[in-house]
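Chain by chain, the residues run as shown.
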Amino acid sequence: TGAVDGELGVIGGLVGFNSGGEITQCGASGDVVGGGDFIGGLVGDNFEGELHSVYAAGSVSGDSFIGGVGGLTASAEIADAIATGEVTGDTTGGLIGYNFGTGASRSYWDEEATAQQDAMGLDESGDSEIEITGLATAEMVGQTATETMSALDFPAEWQAVTEGEAVNGLTPDGDGYPILANIDATVQLDAQGIADQAPADPCFIATAAYDTPTAD
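Residues numbered from 1 in each chain as written. Predicted model: local features only at pLDDT ≥ 70, side-chain atom pairs only at ≥ 80, totals over all residues. Heavy atoms only, no water.

Draft legend 1. The environment of Glu22, seen in detail. In this fold, Glu22 is placed in strand β4 (residues 22-28). By relative accessible area, which is 55% here, Glu22 ends up exposed. Spatially, the C-alpha atom of Glu22 lies 9.3 Å from that of Glu48, the residues being 26 residues apart in sequence. The contact partners of Glu22, leaving out residues within four places of it in the chain, are Glu50 and His52. (Helix = DSSP H or I, 4+ residues; strand = E, 2+ residues; numbered from the N terminus. Buried < 20%, exposed > 50% of the residue type's maximum accessible area, 1.4 Å probe, protein only. Contact = heavy atoms within 4.5 Å.)

Here's what the structure looks like:
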């Protein structure tokens with residue numbers, strides 16, 4: 001959740017340079033600032049790596065090839081990714097700054113929050129499959145997300161965040177972007193600034209039977 005600041009390029013909110021590795025079930029919410037090229041909200045340079053079920057929520061800025069999730073993706077694969085942070089620089093994309101031979105599917109970016117109308121700053125995907133969608137903020141938050149982002153696996157892998165509806169014992173005080181079901185909800189909701197506390201007197205039976213103290 002912390003901010004990342006570097007003087008050069010190849011900087012990411014979670015990983016700077018990923019070579020052939022698999023990054024899955026994780027997110028980054030801190031702001032990312034680089035002084036060079038290939039800056040990403042999650043990964044700076046994703047070379048022959050796989051990104052699955054990930055999100056990046058912090059603002060991202062640098063010189064060239066700046067992306068909400070990845071600065072540069074080359075001969076890689078991206079699926080089930082969400083980008084919601086502002087992206088600034090030269091040659092920018094809501095999801096990827098520079099795509100070379102990478103397939104991307106079931107992924108979304110917030111056109112308003114990222115200030116990006118295009119998913120990729122420079123797209124040289126070649127024959128790779130590209131199935132990614134830009135949406136307005138209202139289409140990506142709350143229960144609406146389960147319809148507009150239907151390619152994601154709700155509720156097994158992703159959970160919708162709706163004001164007043166309990167998420168793992170917490171009651172959000174506003175609509176939020178989807179969060180990953182297998183990561184602690186407190187950290188993810190805190191990063192969005194909408195985490196409320198669990199009820200003061202939680203019901204033990206509801207918790208034991210349904211894993212949440214607010215179940216009817």
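Draft legend 2. The side chain of Ser53, seen in detail. In this structure, Ser53 sits in strand β8 (residues 50-56). When near neighbours in sequence (up to four residues on either side) are disregarded, Ser53 contacts Thr24, Gln25, Cys26, Ala79, Asp80, Glu157, Trp158 and Leu180.

Draft legend 3. How the structure looks around the packing of aromatic side chains. The tally for this structure, following the rule as stated, stands at two aromatic pairs. With a centroid separation of 5.4 Å and an interplanar angle of 15°, the aromatic rings of Phe38 and Phe65 are classed as stacked. With Phe38 in the loop between β5 (32-33) and β6 (39-40) and Phe65 in strand β9 (residues 60-67), the pair connects residues that are 27 residues apart, well separated along the chain. A residue is classified by how much of its surface remains accessible, and Phe65, at 18% relative accessible area, is buried. One aromatic cluster is present, built from ring pairs that chain together Phe38, Phe65 and Tyr98. (Phe/Tyr/Trp six-rings, centres within 6.5 Å; stacked < 30°, edge-to-face > 60°.)

Draft legend 4. Region of the structure containing a nonpolar patch on the surface. Judged by side-chain polarity, Val10, Phe17 and Phe47 come together as a nonpolar surface patch covering roughly 260 Å² of accessible area. Tracing the backbone through its elements, the reader meets Val10 in the loop between β1 (4-5) and β2 (11-12). (Patch = residues over 30% accessible without salt bridge, like charges linked within 9 Å, V, L, I, M, F, W, Y side chains within 5 Å. Areas by Shrake-Rupley, 256 points an atom, 1.4 Å probe, with all protein chains shown as cover. Salt bridge = Lys/Arg side-chain N within 4 Å of Asp/Glu carboxyl O.)

Draft legend 5. Focus on the pairing of strand β18 (residues 176-180). Counting buried positions along β18 yields five of five residues, so the element is predominantly enclosed. Note: strand β17 (residues 158-161) against β18, three bridges, orientation antiparallel. Within β18, the residue paired with Trp158 across the bridge is Leu180. (Pairing = 2+ DSSP bridges.)

Draft legend 6. Main features of unusual backbone geometry. Looking along the chain, the bond that leaves Phe154 and enters Pro155 is cis, with omega of -10°. In this structure, Pro155 sits in the loop between α3 (145-148) and β17. Residue Gln25 is not a glycine yet carries a positive backbone phi of 55°. Summarising the element assignment, Gln25 is placed in strand β4. The backbone of Thr91 sits at a positive phi, close to 60°, despite the residue not being glycine. The residue Thr91 is located in strand β12 (residues 87-93) in this model. Thr91 sits in the partly exposed class, given a relative accessible area of 34%.

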